[in-house]
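Results of the structural survey
Listed below are the residues making up each chain.
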Amino acid sequence: MIKIIFFAALREQLGCGDYQLSATEASTVAEVKAKLVALNPQWQSTFENQSLLSAVNHDMVSGEHKVKAGDEVAFFPPVTGG
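The notes below deal with the structure included here. (Residues numbered from 1 in each chain as written. Predicted model: local features only at pLDDT ≥ 70, side-chain atom pairs only at ≥ 80, totals over all residues. Heavy atoms only, no water.)

This part is about the overall build of the protein. When helices and strands are tallied, the protein shows 3 helices and 5 strands. Ordered by position from the N terminus, the helices and strands of the protein form the series β-α-β-α-α-β-β-β. Taking 2.2 N^0.38 as the reference for a compact globule, 82 residues should give roughly 12 Å; the C-alpha atoms of the protein span a radius of gyration of 12 Å, in line with that estimate. Of the contacts made within the protein by residues no fewer than 6 positions apart, 52% connect residues no fewer than 24 positions apart. (Helix = DSSP H or I, 4+ residues; strand = E, 2+ residues; numbered from the N terminus. Rg over C-alpha atoms; globule rule 2.2 N^0.38 Å. Contact = heavy atoms within 4.5 Å.)

Below, the structure is given as structure tokens:
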């Protein structure tokens, strides 16, 4: 299984804090996003947002990053600081 976590305002926007996918359903972060949209079409605009950040096992990654069983994939909106 791949554990998916949604942080900050994203959690509220989706109405969900986490999700589980079978490792056979996606092999990259981009495929995880696509699978989430296929399962929840109302999430499309959220996952098409180019500024959405993603991490795998606490490391920031791009959409091409490979995922495997046991990975934790996190999505969160961009943050600003000052």
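This paragraph deals with the pattern of salt bridges. One side chain can pair with another of opposite charge once the charged atoms of both are near each other. A full pass over the atoms with the stated rule returns 2 salt bridges. With its nearest N and O atoms 3.2 Å apart, the salt bridge here joins Asp71 to Lys68. (Salt bridge = Lys/Arg side-chain N within 4 Å of Asp/Glu carboxyl O.)

Looking now at helix H2 (residues 29–39). Within the sequence span of H2, burial applies to Val29, Val32, Lys33, Leu36 and Val37. Taken down its axis, H2 places every buried residue within 135° of arc, on the same side. Here the buried face of H2 lies against strand E1 (2–6), strand E2 (18–21), helix H3 (44–48), strand E3 (53–56) and strand E5 (72–76). (Buried < 20%, exposed > 50% of the residue type's maximum accessible area, 1.4 Å probe, protein only. Arc of directions from axis to C-beta.)

So, on to the pairing of E5. Of all 5 residues that make up E5, 4 are buried, and the element is covered over most of its length. Bridge analysis of E3 against E5 gives 4 bridges, and the strand direction is antiparallel. When the bridges of E5 are listed, Ala55 appears paired with Ala74. (Pairing = 2+ DSSP bridges.)

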